[in-house]
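Close look at the chain arrangement
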Amino acid sequence: MAPRPSRAEPTPAALGYAMPAEWAPHAATWLVWPHNASDWPGKLEPVRWAYAEIIRKLTPGERVRLLVQTPRIAARARTCLARAGVDLRRVEFLLQPTDRGWTRDTGPLFVCRGRGRARRRAIVHCHFNGWAKYPNWRRDRRVPEMAARHLRLPLFEARAAGRELVLEGGGIEVNGRGTLLTTEECYLDPRVQVRNPGLGRAEYEAAFREYLGARHVLWLPRGLAGDDTHGHIDDLARFVNPRTLVMVREPNRRDANYRPLAENWERVPDLRLEDGSKPEVVPLPLPAPLFFDGQRLPASYANFYLANAAVLVPTFNDPNDRVALGILAELIRDRPVVGIHAVDLVWGLGTLHCLTQQEPA
């Protein structure tokens, strides 16, 4: 049995740790093999093949640590991946029961310090609670502890105001230089999906600084229509390098996204990075609205994932697919930009970034 992860009393920032940018080299990507049929009503089998394609694109550049519910499910996943042409030598199957599969929010959140041979990694436990909405989260909450045991890394328990702090990876975005981006809707709304009752802006910013090494925080007002998380940043705005953001925009005044996204863009002139400079902010389109059973789906090209071997971008059989891929290819030139069909995935109210969590090298 692997040793229990050590619990460190000082905060990560006090020991020199900070969260690296997503484009920094990865040791692996963490994923959960899809198993909860309620996440993708009537689409679970097509979604598994979409996962196989994601993993096929990831494995040329990094390992995939794939969480599976049971040995039997592991065998089925292995068969599916092999048929899709995945190099199974690059996939590590980890037996770990979970409630759902949104690894960005439930998986290990890594911080690092030092460079080269002196580089050290640790995991921050952010106490997932089902987005303060769903009752099935207790198995998901155990994933960071399992990851710390498996990798033999220190585990920091994030806390604020004397209690466990609840954060999700999809609710934060960092540039690796000390700036963090998030939304007021997700973490400061006092009525809807309240993760940490009583915590205000100052307490959140202190927690971001102490546990993620973020010295500077940028707040946007609103999230995307149809977002089940109530305002996650990874459908709205993403860093593509330390000084450049892409941010979604909706030109149609009759669309539900028009006003919220216009409010976000009104903040752009006042945005500053950790050194006081203005970031470059590049507009990213949205696909035409998608619906399931009358519900608006949060389809967004901003939910891309920066892997070692490629930038994986969700596509939606929409004319703006090509536009979004072209914008990202102009901005990110050190790895290919690859579209992944995500019409089935987004039925689960999330796509590529929501499903993945990077493990820094």
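For the structure itself, look to the data block above.
Reference entry: report on the structure contained in this document. (Residues numbered from 1 in each chain as written. Predicted model: local features only at pLDDT ≥ 70, side-chain atom pairs only at ≥ 80, totals over all residues. Heavy atoms only, no water.)

Topologically, Thr11 is positioned in the segment before strand E1 (26-32). Not counting the four nearest positions on each side in its chain, Thr11 is found in contact with Phe156, Glu210 and Tyr211. (Helix = DSSP H or I, 4+ residues; strand = E, 2+ residues; numbered from the N terminus. Contact = heavy atoms within 4.5 Å.)

Turning to the environment of Ala262, a few remarks are in order. For Ala262, the location among the structural elements is in helix H7 (residues 258-266). The buried category is assigned to Ala262, whose relative accessible area is 19%. In the structure, Ala262 is positioned 12 residues away from Glu250 in sequence and 7.8 Å away in space, judged by C-alpha atoms. (Buried < 20%, exposed > 50% of the residue type's maximum accessible area, 1.4 Å probe, protein only.)

Under the definition given, this model contains 12 aromatic pairs. When the ring of Trp40 is compared with that of Trp102, the centres are 5.3 Å apart and the planes differ by 40°; the resulting orientation is tilted. Taken together, the positions of Trp40 in the loop between E1 and helix H1 (44-58) and Trp102 in the loop between strand E3 (91-95) and helix H3 (103-106) put the pair 62 residues apart, joining distant regions of the chain. With a relative accessible area of 1%, Trp40 lands in the buried category. Judged by its relative accessible area of 4%, Trp102 is buried. Between Phe292 and Trp347 the ring centres are 4.3 Å apart and the planes differ by 35°, which places this aromatic pair in the tilted class. Of this pair, Phe292 sits in strand E15 (residues 291-292) while Trp347 sits in the loop between strand E19 (337-341) and helix H9 (352-355); the two residues are 55 residues apart in sequence, bridging distant segments of the chain. Classification of Phe292 by relative accessible area gives partly exposed; the value is 23%. (Phe/Tyr/Trp six-rings, centres within 6.5 Å; stacked < 30°, edge-to-face > 60°.)

In any sheet, the strands associate via hydrogen bonds between backbone groups, in a parallel or an antiparallel arrangement. On the basis of which strands lie adjacent, the open sheet formed by three strands has the order E17-E18-E19 and mixed pairing. Two strands in the sheet have a free side with no partner beyond their single neighbour: strand E17 (305-306) and E19. With two bridges connecting them, E17 and strand E18 (residues 311-315) associate as antiparallel partners. Each residue of the ladder has a partner; that of Leu306, found in E18, is Val311. Each of E17, E18 and E19 is contacted by H1, which is oriented at about 165° to E19, the strand it contacts most. (Pairing = 2+ DSSP bridges. Axes fitted to C-alpha atoms, helices over the stretch in contact; angles between N-to-C directions.)

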